[in-house]
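Topology and contacts: notes
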Amino acid sequence: MAAKKKKERDLSGPFGFEPYKAKKGEEYMNEKQEDHFRAVLGAWKKELMEEVDRTVHHMKDEAANFPDPNDRASQESEFSLELRTRDRERKLIKKIEDTINLIDAHEYGYCEACGVEIGIRRLEARPTATLCIDCKTLDEIREKQMS
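Basis of the calculations
Residues numbered from 1 in each chain as written. Predicted model: local features only at pLDDT ≥ 70, side-chain atom pairs only at ≥ 80, totals over all residues. Heavy atoms only, no water. Salt bridge = Lys/Arg side-chain N within 4 Å of Asp/Glu carboxyl O. Helix = DSSP H or I, 4+ residues; strand = E, 2+ residues; numbered from the N terminus. Buried < 20%, exposed > 50% of the residue type's maximum accessible area, 1.4 Å probe, protein only. Phe/Tyr/Trp six-rings, centres within 6.5 Å; stacked < 30°, edge-to-face > 60°. UniProt positions renumbered as here; feature names shortened; annotations may be inferred. Contact = heavy atoms within 4.5 Å. Disulfide = S-S within 2.5 Å.

**Focus on the pattern of salt bridges**
What the rule picks out here adds up to ten salt bridges. Put simply, E50 and K46 hold a salt bridge, and the shortest N to O gap is 3.7 Å. Within this pair, E50 and its partner K46 are both found in helix α2 (residues 31-62), separated by four residues, close to a single helical turn. A residue is classified by how much of its surface remains accessible, and K46, at 55% relative accessible area, is exposed.

**Some remarks on the packing of aromatic side chains**
Scanning the model with the defined rule gives two aromatic pairs in all. Residues Y28 and Y110 carry aromatic rings whose centres are separated by 5.3 Å and whose planes lie at 85° to one another, so their mutual orientation is edge-to-face. Separated by 82 residues along the polypeptide, Y28 in the loop between α1 (2-9) and α2 and Y110 in the loop between α3 (69-104) and α4 (120-125) bring together distant segments of the chain. Considering the side-chain rings of F37 and Y108, the 5.5 Å spacing of their centres and the 55° angle between planes classify their relative orientation as tilted. Remark: Y108 occurs in the loop between α3 and α4 and F37 occurs in helix α2; sequence separation between them is 71 residues. The class for F37 is buried, based on a relative accessible area of 1%. You can call Y108 buried: its relative accessible area is 1%.

**Looking at the UniProt feature "binding site: Zn(2+)" (unreviewed entry) in the protein**
This chain's UniProt record puts "binding site: Zn(2+)" (unreviewed entry) on C111, C114, C132 and C135. Spanning 25 residues, the annotated positions come together in the fold, the maximum distance between their C-alpha atoms being 8.2 Å. When you line up the elements, C111 lands in the loop between α3 and α4. Beyond its immediate chain neighbours, meaning those up to four positions away, C111 contacts V116, I118, T130, L131, C132 and C135. The residue C135 is located in helix α5 (residues 133-146) in this model. Setting aside residues no more than four positions away along its own chain, C135 makes contact with C111, A113 and C114.

**Describing the UniProt feature "domain: Zinc finger DksA/TraR C4-type" (unreviewed entry) in the protein**
In the numbering used here, UniProt assigns the "domain: Zinc finger DksA/TraR C4-type" (unreviewed entry) feature to residues 107-137. Annotation note: span residues 107-137, helix share 35%, strand share 0%, distance between end C-alpha atoms 22 Å.

**Some details on unusual backbone geometry**
In this model, M29 sits at a positive phi of 55°, which is unusual for a non-glycine residue. Secondary-structure assignment places M29 in the loop between α1 and α2. Of note, the phi angle at H106 is positive, near 60°, even though the residue is not glycine. By the element assignment, H106 lies in the loop between α3 and α4. For H106, a relative accessible area of 55% translates into the label exposed.

**Regarding the environment of V116**
Within the secondary structure, V116 sits in the loop between α3 and α4. Each residue touching V116, except ones within four places of it in the same chain, is listed here: G109, Y110, C111 and C132.

**What about the state of the cysteines?**
Evaluation of the coordinates by the stated rule reveals zero disulfides. C111 carries a free sulfur, and the closest cysteine sulfur to it, the one in C135, is 3.7 Å from it. Note on C111: relative accessible area 4%, which makes it buried. As a non-bridged cysteine, C132 has C135 as the owner of its nearest cysteine sulfur, 3.6 Å distant. For C132, a relative accessible area of 5% corresponds to the buried category.

In structure tokens:
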């Protein structure tokens, strides 16, 4: 029973990485933190690239010229949806690469609008975040007002 409780409390972060726990008085975005987020982003990118490969193989293997127009239309619709998803993931891969470049330049973890620390917890939730929570909230409010 104790093992079960321990297992329930064992919440690992994205891609099997334990969320980074900053020590008291630890400098923000030090080398250990940068290494942690570089590893998380690298694993995320690897997973997305593997998904791209699976899609290519799936589309090659499943591509068939069905005599029935309904079957053909269903397959084209499925492929279209997959390609749209992969396009979104392609953009995400680019964003991950840009984020890794920020880490390499030691500029990661700071809001691009106001320059304050984004925060470890926010970066754990969204490693590609470029805005602090305040600037992101204001951005979303402006976006709602424009539409």
